[in-house]
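Here is how the chains run, residue by residue.
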Amino acid sequence: MSVLAVIALVVVGFAGATGSGSAEGSGKQAPQPRSTAVYPVKLPDWDKPRPRPTPTVSYPIPWDRGH
């Protein structure tokens, strides 16, 4: 039964790969999307360093390895 399922998948995959689209517009190219983005993208305050979080407890936490 699984052999028949594999053969069916191959036949369906082959039929989809041959393409059954119409010939109308085959010489036309699809329009390219317009982009208004400016690269490189810079976020606000991207160059300002942020303060590192400080611990809220004074005793050591066993899983805190002090990275």
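None of the values given here were measured: they were computed from a predicted structure.

A. Local environment of the overall build of the protein chain. Scanning the protein chain from terminus to terminus reveals one helix and zero strands. Taken across its 67 residues, the protein chain has 0% of its residues classed as buried. On the protein chain, roughly 7500 Å² of surface is accessible, and the fraction owed to carbon and sulfur atoms is 62%.

B. Looking closely at the pattern of salt bridges. Evaluation of the coordinates by the stated rule reveals one salt bridge. D45 is paired through a salt bridge with K48; the nearest N and O atoms lie 3.4 Å apart.

C. Region of interest: a nonpolar patch on the surface. On the surface, a cluster of nonpolar side chains totalling about 580 Å² of accessible area is made up of M1, V3, L4, I7 and V11. For I7, the location among the structural elements is in helix α1 (residues 2-18). For I7, a relative accessible area of 47% gives the class partly exposed.

Cut-offs applied
- Residues numbered from 1 in each chain as written.
- Predicted model: local features only at pLDDT ≥ 70, side-chain atom pairs only at ≥ 80, totals over all residues.
- Heavy atoms only, no water.
- Helix = DSSP H or I, 4+ residues; strand = E, 2+ residues; numbered from the N terminus.
- Buried < 20%, exposed > 50% of the residue type's maximum accessible area, 1.4 Å probe, protein only.
- Areas by Shrake-Rupley, 256 points an atom, 1.4 Å probe, with all protein chains shown as cover.
- Salt bridge = Lys/Arg side-chain N within 4 Å of Asp/Glu carboxyl O.
- Patch = residues over 30% accessible without salt bridge, like charges linked within 9 Å, V, L, I, M, F, W, Y side chains within 5 Å.

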